[in-house]
Amino acid sequence: MLKLKIAEYQAIRAHGEETYPHECCGVLLGVADDGANTVNETVRAGNTRTDSAHNRYNISPQELVKIQRQAREKKLDIVGFYHSHPDHPAQWSVTDFAEAHWIGCSYVITAVEKGKAAITNSFLLTGADEDDKKFLDEPIEISKA
Amino acid sequence: MEINIPTPLRQYVGKQASVQVEGATVNDALAALTAAYPDLKKHLFTDEGKLRSFVNLYLNDDDIRYLPEKEATRVSESDSLTIIPSIAGGSYADGELLRAVR
């Protein structure tokens, strides 16, 4: 279960519309507990894949280090990531799976069709290790406040 | 020195966000970390003992891959080492699209 406030949910979708036709990406900060990733804050990140931004995203590790440091100061953890699929379904791709390494984290994908955010899905990366990992469909619970 | 542990690997270090270790170099610090928490080792290193390609190591704000002495870089008590797995992906591979078009 991924728990999101409506403002964070809207922020993720708005980011995908803003960067269209390129992929957006960002980090979900919050708390992982009782089988749920609860998001307190979303942080926009730059997509370093300027060579192929329409179908690729990459967050620079240096930016991630800074985001993780800021999260710790707020007593929050990285509990997931989001990105958009411009004119492509909100399903994980072969590339998304191969490049997913944060087991226990939520990977949120928003399909952006002709510039408008369509479906947003979340996938939980589970497994014992890199050889055992898999994506599970994860329900999203959206709260008003 | 302090080693910051990313969320997925905290289960192997007693759920701590950071671990204190002693060592004169980055290599020493990593060896101390995996000696204290052996279950962590296979998540950081390949069977050949090389750092996994998707695992990034930052000494303060510097990627150790770009430091002149890499893992042999000397460290001090006030330094912090951060383990940060990469984040990337994308909607489709160009090959996938070509297959779909055909």
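What counts and what doesn't
Residues numbered from 1 in each chain as written. Chains lettered and ligands numbered in written order. Predicted model: local features only at pLDDT ≥ 70, side-chain atom pairs only at ≥ 80, totals over all residues. Helix = DSSP H or I, 4+ residues; strand = E, 2+ residues; numbered from the N terminus. Rg over C-alpha atoms; globule rule 2.2 N^0.38 Å. Buried ≥ 20, exposed ≤ 12 C-beta atoms within 10 Å, placed from the backbone. Contact = placed C-beta atoms within 7 Å. Pairing = 2+ DSSP bridges. Nonpolar A, V, L, I, M, F, W, Y, C, P; charged D, E, K, R; others polar. Axes fitted to C-alpha atoms, helices over the stretch in contact; angles between N-to-C directions. pLDDT = per-residue confidence, 0-100.

Thoughts on the overall build of chain A
The secondary structure content of chain A amounts to 3 helices and 9 strands. Ordered by position in the sequence, the α and β elements of chain A form the string β-α-β-β-β-α-β-α-β-β-β-β. Against the compact-globule benchmark of 15 Å for 145 residues, chain A has a radius of gyration of 14 Å, which places it among compact chains. With the C-alpha coordinates aligned to their principal axes, the bounding extent of chain A is approximately 40 × 35 × 30 Å. For chain A, with 145 residues in total, the buried portion stands at 43%. Taking all contacts inside chain A whose residues are at least 6 apart in sequence as the whole, residues at least 24 apart take part in 62%.

Considering the sheet that holds strand β1 (residues 2-4) of chain B
All names here are of chain B. The mixed open sheet is built from 5 strands, whose spatial order is β2-β1-β5-β3-β4. Whereas interior strands pair on both sides, the edge strands pair on one side only; in this sheet they are β2 (18-20) and β4 (62-63). Bridge analysis of β1 against β2 gives 3 bridges, and the strand direction is antiparallel. From the neighbouring strand, Asn4 faces β2, where its bridge partner is Ser18.

Some points on the environment of B:Leu9
Among the structural elements, B:Leu9 can be located in the loop between β1 and β2. On a C-alpha basis, the gap between B:Leu9 and B:Ile87 in space is 15 Å, while along the polypeptide they are 78 residues apart.

With respect to the interface of chain B and chain A
For interface size, the figure often reported is the accessible area lost on association. Listed as interface residues are 24 residues of chain B and, on the opposing side, 33 residues of chain A. Breaking the side of chain B that touches chain A down by element, the ones donating at least two residues are α2 (41-44), β3 (55-59), β5 (80-85) and β6 (87-89) of chain B. For the side of chain B that touches chain A, a count of residues per class yields 11 nonpolar, 9 polar and 4 charged. Pairing of strand β4 (residues 57-59) of chain A with β6(B) involves 3 bridges; the strand directions are antiparallel. Along β6(B), the bridge assignment pairs A:Tyr57 with B:Gly89.

Let's talk about the sheet that holds strand β2 (residues 25-33) of chain A
All names here are of chain A. Spatial strand order, β8-β7-β6-β5-β2-β3-β1-β9: 8 strands in an open sheet with mixed pairing. Two strands in the sheet have a free side with no partner beyond their single neighbour: β8 (134-138) and β9 (140-143). Adjacent strand axes in the sheet meet at a mean angle of 35 degrees when their direction is disregarded. Summarising the sheet, β2 and strand β3 (residues 36-45) pair through 9 bridges and their orientation is antiparallel. In the sheet register, Ala32 faces β3, and the bridge partner there is Asn37. Relative to strand β5 (residues 77-86), helix α2 (residues 61-73) is tilted by about 135 degrees, and along the sheet it contacts β2, β3 and β5.

As for the confidence of the model for chain B
Residues and elements named next belong to chain B. For chain B, the average pLDDT comes to 91, and 90% of its residues sit at 70 or higher. Residue range residues 98-102 is modelled with pLDDT below 50. Its contacts to residues more than four positions away, or to other chains, number 0 contacts. At the level of chain-chain contacts, confidence expressed as ipTM amounts to 0.90, with global pTM at 0.93.

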